[in-house]
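As a plain string of letters, each chain reads:
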Amino acid sequence: MKIEVNKKTTIETLEQDVLAIRDEIYRLWEMYADTAKQLKDLKERLEMKGVL
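Computed from a prediction, not measured in an experiment: that's the story for all the values here.

(A) View of the packing of aromatic side chains. In the structure shown here, the tally under the stated rule is 1 aromatic pair. Both rings, one in Trp29 and one in Tyr32, keep their centres 5.1 Å apart while their planes meet at 35°; by these two values the pair is tilted. Here Tyr32 and Trp29 lie together in helix α1 (residues 11-48), a separation of 3 residues that amounts to about one turn.

Following this line, the structure appears as structure tokens:
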């Protein structure tokens, strides 16, 4: 995401951009946490089967 500042930029539009970036960071963090959990679960299953 890119924030462009020009003559029409206001504090409100900057706040909206920052909030959108924050929301995207939260979404990506949740995806990362979910992927990490899935990898941990997969590792545990493979260890139980003696693959690892």
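(B) How the structure looks around the pattern of salt bridges. One pass over the structure, following the stated rule, counts 5 salt bridges. Glu44 is the salt-bridge partner of Lys40, the closest N and O atoms lying 3.6 Å from each other. Here Glu44 and Lys40 lie together in helix α1, a separation of 4 residues that amounts to about one turn.

(C) Fine view of the environment of Leu19. Within the secondary structure, Leu19 is located in helix α1. Residue classification places Leu19 among the partly exposed positions, given a relative accessible area of 42%. Between the C-alpha atoms of Leu19 and Asp41, which are 22 residues apart in sequence, the distance is 33 Å.

(D) Up close: the environment of Lys49. Position of Lys49 relative to the elements: it lies in the segment after α1. With a relative accessible area of 67%, Lys49 lands in the exposed category. Between the C-alpha atom of Lys49 and that of Tyr26, which follows or precedes it by 23 residues, the distance is 35 Å.

(E) Representation of a nonpolar patch on the surface in the model. A cluster of nonpolar side chains, namely Ile3, Val5 and Val18, defines an oily patch on the protein surface of about 270 Å² accessible area. Within the secondary structure layout, Ile3 lies in the segment before α1.

Basis of the calculations
- Residues numbered from 1 in each chain as written.
- Predicted model: local features only at pLDDT ≥ 70, side-chain atom pairs only at ≥ 80, totals over all residues.
- Heavy atoms only, no water.
- Phe/Tyr/Trp six-rings, centres within 6.5 Å; stacked < 30°, edge-to-face > 60°.
- Helix = DSSP H or I, 4+ residues; strand = E, 2+ residues; numbered from the N terminus.
- Salt bridge = Lys/Arg side-chain N within 4 Å of Asp/Glu carboxyl O.
- Buried < 20%, exposed > 50% of the residue type's maximum accessible area, 1.4 Å probe, protein only.
- Patch = residues over 30% accessible without salt bridge, like charges linked within 9 Å, V, L, I, M, F, W, Y side chains within 5 Å.
- Areas by Shrake-Rupley, 256 points an atom, 1.4 Å probe, with all protein chains shown as cover.

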